[in-house]
Structures are given as C-alpha cells and as structure tokens.
Amino acid sequence: SFKEYAGYCVIKTDKPTVEKEVDNSYRPNLTTKEGLKREIIRLYYIGAPLNYHSIKKLRRRLLNAAKELFGSWQNALEYSGFNYDDIKISDNIASECGEEFERILGEILRDLGVSYKKYAHDRYSPDFVLDNNEWIDAKLSEWTDVSETVKRYLPECSSLTIVYLQGKKRDVIRGRKHKYRAVSVYLLTEKLPKEKRDYYNKKLTDIENRINESSQTA
C-alpha cells in the first residue's frame, strides 16, 4: 500500500503535491508512415533510446512496422528526421550520463544521511534500496517513460521514488493505479550546505549540458 506522506518522506523536501491525472489514452497508429513517424518522435521526447538494439529488445512491434513500411529501422528513423549515426552517438552519451547521474545521486543521498544498498533485490535491480524497503530510481529526465519500471517495482517495495535530473524543480505524487513519487534532484541538493550544494549542482549541470549537446546532433 502507498505510505502516508508523513511516514514516507525519507528524502525530505516539502510535502509533495499530487499531480492531476490526465487521460493518457494516446495509442500509436503503426499502420501508416506518418503514424509511425509520430510515435518515433514521441519516443525521442520521452527519452526512450532509439538505437536498433533497444528497439528490437523493447519495442518489437514498432520495429516490425518500420520494416514493413520503410524496409528498415534506419529508413524509418531518417524519414522521421533523425540521422541514424547521431542517434547511436546520442544514445551512448545518454547511457554514460545515466550512469554518472546515478553515481552522483548516491553521493548526494549519503551526504543527506540516507543509508542505502545498491541493486539489493533478487529479481530486479533498483538503483537504491533504503532500510525500510523504499526504492529510489535515478532517471535523466522528468519525461522519461517509467510506466514499466513502476509496474514491476511497486509490488516489491514499500514505496518508489524517481529522482530525475532534467525537468521542473518539484516534488509530485504521480500515477492513478500505481502511485509513485517524482522528485527533482535539485530539491535534494537544496538541503545541503552551500559549498556541497554548489559542488553537486555544477556536476549535475555539466551532465545536463552533455545531454543537450548530444541531442542537438540527433
């Protein structure tokens, strides 16, 4: 069950707000070239990796539709306005930045006095497992699609918090059926003494700049 906010705020910011639910009933149309293009662009904006390996592993239906309509995944990407070589570079940089952000978040949590274990679960690999079985996952962007992560993780933990790098500086409760908390990392660094805060904020901004530079080439 989802904890009451008071007992739940191990990572202390002000009380999180509850986000209004929107009817997220968009269904991609993968039977036309324009429908497929719209879905590829949507995935790009939510931060989903678009390289062939990831699409084959995570979105087989999309890959099959691309092959049918365009002959190859590369052709579908290029029709949608992307350069395939740039996508590969940008996905690699995103992966490196993701690992770095997770490492820095670990240091921030330690400085906030939050004790945790890494990947401490026999089935899944949550980034941080706190003493009371609260799980924290690090994401590069507030807009990253976390629906599958949330669905898998929530039955296993007492509560789930997504800490993100890029996005609005806020702390919100999200989800209709599967409730989780989404927090900007910059709300966490605000709780640190000025010197530490400046140190981490510079590192975080550097990662953001690298992500933005890589996405501009895609």
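See above for the structure.
Caption draft 1: Just the overall build of the chain, in detail. Looking only at helices and strands, the chain features 9 helices and 7 strands. When the 218 residues of the chain are sorted by exposure, 44% land in the buried category. Put simply, 57% of the contacts in the chain that link residues at least 6 apart link residues at least 24 apart. Of the roughly 12300 Å² that the chain leaves accessible, carbon and sulfur atoms contribute 48%.

Caption draft 2: Expanded view of the environment of Ser158. Note that Ser158 resides in the loop between α7 (147-153) and β5 (159-166). In this structure the C-alpha to C-alpha distance between Ser158 and Asn133, which are 25 residues apart in sequence, comes to 5.7 Å. Among the polar contacts listed, one links the side chain of Ser158 to the backbone oxygen of Asn132, at a separation of 3.0 Å.

Caption draft 3: Quick peek at helix α4 (residues 60-70). Within the sequence span of α4, burial applies to Leu62, Leu63, Ala65, Ala66 and Phe70. Buried positions in α4, seen along its axis, are confined to an arc of 165 degrees and lie on one side of it. Among the exposed residues of α4, those oriented more than 90 degrees off its buried face are Arg61 and Glu68. Those residues of α4 that are buried are in contact with α2 (33-45), α3 (52-58) and α5 (73-79). In the stretch just after α4, Gly71 is the one whose phi turns positive, near 95 degrees.

Caption draft 4: Main features of unusual backbone geometry. Residue Asn133 is not a glycine yet carries a positive backbone phi of 65 degrees. Mapped onto the fold, Asn133 is located in the loop between β3 (128-130) and β4 (134-141). Here Asn133 falls in the partly exposed class, since its relative accessible area comes to 30%.

Caption draft 5: Summary view of the environment of Leu62. Note that Leu62 resides in helix α4. By relative accessible area, which is 5% here, Leu62 ends up buried. Taking the C-alpha atoms as reference points, Leu62 and Thr31, separated by 31 residues in sequence, lie 10.0 Å from one another. When near neighbours in sequence (up to four residues on either side) are disregarded, Leu62 contacts Leu30, Leu36, Glu39, Leu43, Ile55 and Trp73.

Caption draft 6: Seen up close, the pattern of salt bridges. Inspection of the entire model under this criterion finds 15 salt bridges. Across the pair Lys118 and Glu102 runs a salt bridge, and its minimum N-O distance is 2.6 Å. One end of the pair, Lys118, is in the loop between β2 (116-117) and β3; the other, Glu102, is in helix α6 (residues 84-111), with 16 residues separating them in the sequence. Residue class for Glu102 comes out buried when judged on its relative accessible area of 14%.

Rules used throughout
- Residues numbered from 1 in each chain as written.
- Predicted model: local features only at pLDDT ≥ 70, side-chain atom pairs only at ≥ 80, totals over all residues.
- Heavy atoms only, no water.
- Helix = DSSP H or I, 4+ residues; strand = E, 2+ residues; numbered from the N terminus.
- Buried < 20%, exposed > 50% of the residue type's maximum accessible area, 1.4 Å probe, protein only.
- Contact = heavy atoms within 4.5 Å.
- Areas by Shrake-Rupley, 256 points an atom, 1.4 Å probe, with all protein chains shown as cover.
- Polar contact = N/O pair within 3.5 Å; in protein donor to acceptor, adjacent residues only side chain to side chain.
- Arc of directions from axis to C-beta.
- Salt bridge = Lys/Arg side-chain N within 4 Å of Asp/Glu carboxyl O.

Function cannot be read off these values alone, since they describe shape.
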